[in-house]
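# Observations on the three-dimensional arrangement
What follows is the residue order along each chain.
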Amino acid sequence: FNVVDKLIFRDHHDFTSQDMRILYEKLKNNPRAVIIMTEKDAVRLRRARLPEQLMRAMYYQPISMVFVEGPDQDFVGHLIEEIRQVDRDNAPEQA
């Protein structure tokens, strides 16, 4: 994949109709693109009346919380292993 553009909004941003026009125009210029956002923003934007083309292009990564006990090193090691697993899961298959 290629990142064709990015828009950065501050936390708790109040999305405006101008923001939606900008997203729609960027999508119109890149019709195969998808819009990746936080789960929180996705919930807020799905409540708005947006064009179907824009809604179909919106994706987010669900967020979950895990409580980890132990020293900081355990946490960092666990985090590194999770990242490595994602890399392994997304690696192209070897012939």
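This write-up is about the structure you can find in this document. Note that the coordinates shown come from a computational prediction; the quantities given were computed from them, not determined experimentally. (Residues numbered from 1 in each chain as written. Predicted model: local features only at pLDDT ≥ 70, side-chain atom pairs only at ≥ 80, totals over all residues. Heavy atoms only, no water.)

### Some points on the overall build of the chain
Within the chain one finds four helices and two strands. Starting at the N terminus, the α and β elements of the chain follow one another as α-β-α-α-β-α. Judged by the C-alpha coordinates and their principal axes, the chain covers about 45 × 40 × 20 Å. For the chain, buried positions account for 16% of its 95 residues. Here the contacts in the chain between residues at least 6 apart in sequence split such that 45% fall between residues at least 24 apart. In the chain, which carries 14 positive and 16 negative side-chain charges, the distance between the mean positions of the two groups comes to 12 Å. (Helix = DSSP H or I, 4+ residues; strand = E, 2+ residues; numbered from the N terminus. Buried < 20%, exposed > 50% of the residue type's maximum accessible area, 1.4 Å probe, protein only. Contact = heavy atoms within 4.5 Å. Lys, Arg positive; Asp, Glu negative; His and termini not counted. Charge placed at Lys NZ, Arg CZ, Asp CG, Glu CD.)

### Section: the environment of Arg84
As for its placement among the helices and strands, Arg84 is situated in helix α4 (residues 72–90). Accessibility expressed as a relative area gives 48% for Arg84, which makes it partly exposed. Between the C-alpha atoms of Arg84 and Glu25, which are 59 residues apart in sequence, the distance is 36 Å.

### Looking at the side chain of Asp41
As for its position among the elements, Asp41 is in helix α2 (residues 39–46). For Asp41, a relative accessible area of 17% puts it in the buried group. In terms of polar contacts, Asp41 uses its side chain to reach the side chain of Arg44, at 3.1 Å. (Polar contact = N/O pair within 3.5 Å; in protein donor to acceptor, adjacent residues only side chain to side chain.)

### A short note on α2
Asp41, Ala42 and Leu45 are the residues of α2 that are buried. Around the axis of α2, the buried residues are gathered within 105° of arc, so they sit on the same side. Buried residues along α2 sit against α1 (17–29), β1 (35–37), α3 (52–56) and β2 (58–60). (Arc of directions from axis to C-beta.)

### Considering the packing of aromatic side chains
Remark: the centre distance and the inter-plane angle together describe each pair of aromatic rings, the angle taken between the planes. Summed over all chains, the structure comprises one aromatic pair. Each ring, one from Phe9 and one from Phe15, has its centre 5.1 Å from the other, and the planes form 70°; the classification is edge-to-face. On the basis of relative accessible area, Phe9 is assigned to the partly exposed category, the value being 30%. Judged by relative accessible area, which is 22%, Phe15 ranks as partly exposed. (Phe/Tyr/Trp six-rings, centres within 6.5 Å; stacked < 30°, edge-to-face > 60°.)

### Brief notes about unusual backbone geometry
The phi dihedral of His12 falls on the positive side, at around 65°, and the residue is not glycine. Position of His12 among the secondary structure elements: in the segment before α1.

### Some points on a nonpolar patch on the surface
Residues Phe75, Val76, Leu79, Ile80 and Ile83 make up a contiguous nonpolar surface patch of about 430 Å² in total accessible area. Mapping Leu79 onto the fold places it in helix α4. Overall, Leu79 belongs to the partly exposed group, its relative accessible area being 42%. (Patch = residues over 30% accessible without salt bridge, like charges linked within 9 Å, V, L, I, M, F, W, Y side chains within 5 Å. Areas by Shrake-Rupley, 256 points an atom, 1.4 Å probe, with all protein chains shown as cover. Salt bridge = Lys/Arg side-chain N within 4 Å of Asp/Glu carboxyl O.)

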